[in-house]
Amino acid sequence: MQSIFQLSLVVNDYDEAIQFYTQTLNFKLIEDTVLSETKRWVVVAPDGSTGCSLLLAKAANDEQKRCVGNQTGGRVFLFLHTDDLARDYNAMRAKGVIFVREPSTEAYGAVAVFKDLYGNLWDMIEPKKPG
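Remember, it's a predicted structure, so these values are computed and weren't measured experimentally.

Considering the layout of surface pockets
Then step 1. Volume-wise, the largest pocket comes out at about 570 Å³.
Then step 2. Every residue lining the largest pocket is counted, 26 residues in all, and those nearest its centre are Phe27, Pro46, Asp47, Leu80 and His81.
Then step 3. Counting residues per element, the ones that place at least two in the lining of the largest pocket are β3 (40-46), β4 (53-58), β5 (76-81) and α3 (85-94).
Then step 4. Split into classes, the residues belonging to the lining of the largest pocket amount to 14 nonpolar, seven polar and five charged.

Put into structure tokens, the structure is as follows:
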């Protein structure tokens, strides 16, 4: 059996990324280990998640810096499941999160699209309930 357990997200700064993900999106800081003077191992995940987590990787050169906020060429990059889209949408808007697509109902459930602090696009999805 295999599974994806972690994705690397290139960021400009460890601390500002930690603040956004923990304070604005309410993720949990799983690990923050100093590896060298310029490198840390920083892992965040949604509160209560037992699946995939994000490794926040600080851009180390010009090529990586150019990719911050646009790792997928402007497409939605990450997908966040929620059990209550309206609750999380309202809480995130109150904290200044920019939504580029307001909540809508699709065949698979309710969805809204937001930007993280660097401009990466996320789908926030409340999956359709069976039945």
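So much for the structure itself; the text now carries on.
Focus: the state of the cysteines
Then step 1. Throughout the structure, instances matching the rule amount to zero disulfides.
Then step 2. Unpaired in this structure, Cys67 has its nearest cysteine sulfur neighbour in Cys52, at a distance of 19 Å.
Then step 3. Under the relative-accessibility criterion, Cys67 is labelled partly exposed at 32%.

What counts, and at which threshold
Residues numbered from 1 in each chain as written. Predicted model: local features only at pLDDT ≥ 70, side-chain atom pairs only at ≥ 80, totals over all residues. Heavy atoms only, no water. 1 Å grid on protein atoms, 1.4 Å probe; cavity = no way out; pocket = protein on both sides within 12 Å on 5 of 7 lines; lining within 4 Å. Points joined across faces, edges and corners; volume = space filled by probe spheres on them. Helix = DSSP H or I, 4+ residues; strand = E, 2+ residues; numbered from the N terminus. Nonpolar A, V, L, I, M, F, W, Y, C, P; charged D, E, K, R; others polar. Disulfide = S-S within 2.5 Å. Buried < 20%, exposed > 50% of the residue type's maximum accessible area, 1.4 Å probe, protein only.

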